[in-house]
Amino acid sequence: MEAKEARVACAVQPDLTEGCHMKISSLKIDAAKIEAGAWVKDIPGLPGVAFKVRGLGNVASRSFRAKAIDAVPRADRVKGLSQAAAEKIETDDLVENILLDWSGIDADEDAPDGAPQPLAFSKVIAAKYLADPDFAVFKGGILYAAQVVADLGADDLADDLGN
């Protein structure tokens, strides 16, 4: 985390180099781990929930987004994608390339004995909730987790989760 803080301090005051030095190795990420994904817990607004996600900007995600944007007619891209088109691409990307699994989410229907039933992960269920604007907290949690994986890398997260 120190590397991230040092980068911010340097970016805010680029002409001040005193106390702003860092080793180049502190900027290294483990791209292979970001591609494979990692579990992230302690997600703001989602107590008890954990997501297994690939990091934002993983290879499959970048390729998917480029193809999806290219598929939008040029006339609709010149001044930028519409909000609806951008959200659809983001949602489809989260389902296909980012979200791998979840834990700590229960189905709305309890078991016959009244106990909560875990909601099994599936891309179909994920797509349903990610496309629903009333579930923005759910989508935001997944985006947060994917950013954490991109920033920290899976090794740091594995230590956190005891994996």
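The structure reproduced in this document is the subject of the present report.

What follows concerns the pattern of salt bridges. In the structure shown here, the tally under the stated rule is 5 salt bridges. In this structure, Asp92 and Lys88 form a salt bridge, with 2.6 Å as the shortest nitrogen-oxygen distance. Highlighted residues: Asp92 and Lys88, both in helix 5 (residues 83-98), separated by 4 residues, approximately one helical turn. Assessed through its relative accessible area of 27%, Asp92 is described here as partly exposed. Between Glu90 and Lys139 there is a salt bridge, and its shortest N-O distance comes to 3.4 Å. Of this pair, Glu90 sits in helix 5 while Lys139 sits in helix 7 (residues 136-152), placing them 49 residues apart in sequence.

Positive phi is not limited to glycine here, since Asp42 has a value of about 55°. Along the chain, Asp42 turns up in the loop between strand 1 (38-40) and strand 2 (50-53).

Packing of helix 6 (residues 123-130) against helix 7 leaves a shortest axis separation of 8 Å and a crossing angle of 115°. Mapping the contact onto sequence places Ala126, Tyr129 and Leu130 in helix 6 and Phe138, Lys139 and Ile142 in helix 7. When its residues are assigned to classes, the contact of helix 6 with helix 7 shows 5 nonpolar, no polar and 1 charged.

Turning to the layout of surface pockets, a few remarks are in order. Approximately 300 Å³ is the volume found for the largest pocket. Taken together, 14 residues make up the lining of the largest pocket; nearest its centre are Ile105, Asp106, Leu119, Tyr129 and Phe135. Tallied by class, the residues present in the lining of the largest pocket amount to 10 nonpolar, 1 polar and 3 charged.

Analysis parameters
Residues numbered from 1 in each chain as written. Predicted model: local features only at pLDDT ≥ 70, side-chain atom pairs only at ≥ 80, totals over all residues. Heavy atoms only, no water. Salt bridge = Lys/Arg side-chain N within 4 Å of Asp/Glu carboxyl O. Helix = DSSP H or I, 4+ residues; strand = E, 2+ residues; numbered from the N terminus. Buried < 20%, exposed > 50% of the residue type's maximum accessible area, 1.4 Å probe, protein only. Axes fitted to C-alpha atoms, helices over the stretch in contact; angles between N-to-C directions. Contact = heavy atoms within 4.5 Å. Nonpolar A, V, L, I, M, F, W, Y, C, P; charged D, E, K, R; others polar. 1 Å grid on protein atoms, 1.4 Å probe; cavity = no way out; pocket = protein on both sides within 12 Å on 5 of 7 lines; lining within 4 Å. Points joined across faces, edges and corners; volume = space filled by probe spheres on them.

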